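Descriptive structure summary
The lines below spell out each chain.
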Amino acid sequence: MNKLQDIWGTRFFHYMREFQKYMQYIFTGHLAIVLVFAIGAVGYSYSEWLKTVPIDFPAVLLAAIVISLGLVFSSPTTLLKEADMVFFLPLEQHLPAYMKKALKWTTVSQLPLPLILYIVALPLLSATNAASPSELGWLALFIVVWKWLSVDTEFAVHFATSGEKVWLDRFIRFIIVAAFIYFWLSPMFYLILIPAIIFAVYASYWKRQMAAKPFPYAHFIQVEQNRMMRFYQFANYFTDVPHVKGAMSRRNWLAPFMVKATFNRRDTQRYLVQRTFFRTDDMFRLWIRLTLILMFGVYFISIPIAAMIFVAVLSFATALQLIYAFRVGEVFRMDMLYPIDASTRMQAIRQTVQRAQWVQTLFVALTALFTFGFSVTTLGLLIIHMIVSELTIRFVKSKD
């Protein structure tokens, strides 16, 4: 194995095996059911809205913005490791070939997102007569080309600045790509030459800057480690991932909602568990994400029965994952050294998750009022959320 192309092939094989290992735990039958109901309900609501969308709706502008957002985030997938800073030096003449394979995979792996956004935008563009079928067909090809150019340019910016100007680069590319798509779908399609020329000059500038710099091994290794950590953190919501490193944040703004310290032993676990929930990044952000998804679903799913099923599934998932999150790393805890009744921990966990679910119920109620008003559907959503959450909390057991 004397060439970096061979090293890429070996690493890619191990990467895909690692990826598939965790994906089998993520995309289970339960998640498939949730996705089917969610996509079906959102799709139905979208199709019903398209029947009443005004002809002067700014569909072209909206499509240009949404598709461009899917194109500009093009962080490179390099599969580099810390040891490469030393062991790649004798093979550095083969590094361009290695990076060429890496950028090809980056383009292919990131292309589905903008294409999905393009497919979602097609009915809206057709309903508003924004473009002809041939223009929409060419747009798909442009999306593929722009994704490849975005990946190549963002790699050059990472290379030349060690990531210091990546967000500025993304903003500039967003403006250029959005202008290109907007002009292409508008009657002034010939104006696409302006953003195309600007981008050619812009990309050439970063190519020249990249040529004058040595390869920033440390930066690209850090980018790769952060990318994999985001995947592991996501997979950790579905199964235990040993690669995940937890992070803590103080969150002083939540101090008024935290239990005050007392000298009563019965309150010890409640004090510890509640602070664990508020200050553990993965756990607290999990609750935030699922709550936002719940509110999003209740707002956009206009079919009452579909909304009720969606709320039941998400409330069950929230309560279940929070309880199991407290079980991670429970082989040993510092509070085990003290004479505290172990049975009080499960009670504290249930109380904490229960109060978190009450707050989530409040957010669901406020969102349901905007969607369904004061109706039987709104009341049903609240009752379903409270019952499913309570049953989940009561019947899920802990390791203690």
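A short tour of the structure in this document, coming up. For clarity, every value in this text was computed on a predicted model and none was experimentally measured.

A closer look at the layout of surface pockets
Computed from the structure, the second largest pocket encloses a volume of approximately 800 Å³. Along the walls of the second largest pocket sit 24 residues, with Phe19, Ser109, Gln110, Arg227 and Phe231 positioned nearest its centre. At the level of secondary structure, the elements contributing two or more residues to the lining of the second largest pocket comprise helix H1 (4–26), helix H3 (59–72), helix H5 (95–110), helix H6 (112–127) and helix H10 (217–235). Classifying every residue of the lining of the second largest pocket gives 14 nonpolar, 6 polar and 4 charged.

Examining the pattern of salt bridges
A complete count under the given rule lists 9 salt bridges for this structure. Salt-bridge contacts for arginine 11 lead to aspartate 84; the nearest nitrogen and oxygen are separated by 2.6 Å. Placement of the pair is arginine 11 in helix H1 and aspartate 84 in helix H4 (residues 84–87), with a sequence separation of 73 residues. Note on arginine 11: relative accessible area 15%, which makes it buried. With a shortest N-O distance of 3.0 Å, glutamate 48 and lysine 51 are connected by a salt bridge. Given a relative accessible area of 30%, glutamate 48 falls into the partly exposed group.

Here we look at the nonpolar core
Counting residues in hydrophobic clusters, the biggest one holds 34 residues, and the most contacted among them are Leu80, Phe88, Tyr98, Met99, Phe155 and Phe215. Top element by residues in this core is H10. It accounts for 7 residues. With residues near it in sequence (within four places) discarded, leucine 80 still touches Arg11, Phe88, Tyr98, Met99, Phe215, Phe220, Ile221 and Glu224. Within the second largest apolar cluster, 33 residues are counted, among which are Phe277, Ile323, Met346 and Leu381.

What to know about the side chain of aspartate 152
Within the secondary structure, aspartate 152 sits in helix H7 (residues 133–161). Excluding residues within four positions of it along the chain, aspartate 152 makes contact with Leu103 and Lys207.

Details of a nonpolar patch on the surface
A surface patch of nonpolar side chains, amounting to about 720 Å² of accessible area, comprises Leu61, Leu62, Ile65, Val66, Leu69, Phe73, Trp167 and Tyr182. Looking at the nonpolar patch, the elements that each hand over two or more residues are H3 and helix H8 (166–185). The biggest single contributor to the nonpolar patch is H3, with 5 residues. On the secondary structure map, leucine 61 appears in helix H3. With a relative accessible area of 45%, leucine 61 lands in the partly exposed category.

Focus: the packing of aromatic side chains
In this structure the tally under the stated criterion is 31 aromatic pairs. Relative to phenylalanine 180, the ring of phenylalanine 142 has its centre 5.2 Å away and its plane inclined at 90°; by these criteria the two rings are edge-to-face. Taken together, the residues phenylalanine 142 in helix H7 and phenylalanine 180 in helix H8 connect sequence positions 38 residues apart. Owing to a relative accessible area of 18%, phenylalanine 142 belongs among the buried residues under this scheme. You can call phenylalanine 180 buried: its relative accessible area is 6%. Here tryptophan 146 and phenylalanine 199 contribute two aromatic rings whose centre-to-centre distance is 4.9 Å and whose plane-to-plane angle is 80°, an arrangement assigned as edge-to-face. Pair noted here: tryptophan 146 is in helix H7 and phenylalanine 199 is in helix H9 (residues 193–211), with a separation of 53 residues, a long-range link. Of the two residues, tryptophan 146 and phenylalanine 199, neither departs from the other in class, the shared state being buried.

Thresholds applied
- Residues numbered from 1 in each chain as written.
- Predicted model: local features only at pLDDT ≥ 70, side-chain atom pairs only at ≥ 80, totals over all residues.
- Heavy atoms only, no water.
- 1 Å grid on protein atoms, 1.4 Å probe; cavity = no way out; pocket = protein on both sides within 12 Å on 5 of 7 lines; lining within 4 Å.
- Points joined across faces, edges and corners; volume = space filled by probe spheres on them.
- Helix = DSSP H or I, 4+ residues; strand = E, 2+ residues; numbered from the N terminus.
- Nonpolar A, V, L, I, M, F, W, Y, C, P; charged D, E, K, R; others polar.
- Salt bridge = Lys/Arg side-chain N within 4 Å of Asp/Glu carboxyl O.
- Buried < 20%, exposed > 50% of the residue type's maximum accessible area, 1.4 Å probe, protein only.
- Core = buried A, V, L, I, M, F, W, Y, C linked by side-chain atoms within 4.5 Å.
- Contact = heavy atoms within 4.5 Å.
- Patch = residues over 30% accessible without salt bridge, like charges linked within 9 Å, V, L, I, M, F, W, Y side chains within 5 Å.
- Areas by Shrake-Rupley, 256 points an atom, 1.4 Å probe, with all protein chains shown as cover.
- Phe/Tyr/Trp six-rings, centres within 6.5 Å; stacked < 30°, edge-to-face > 60°.

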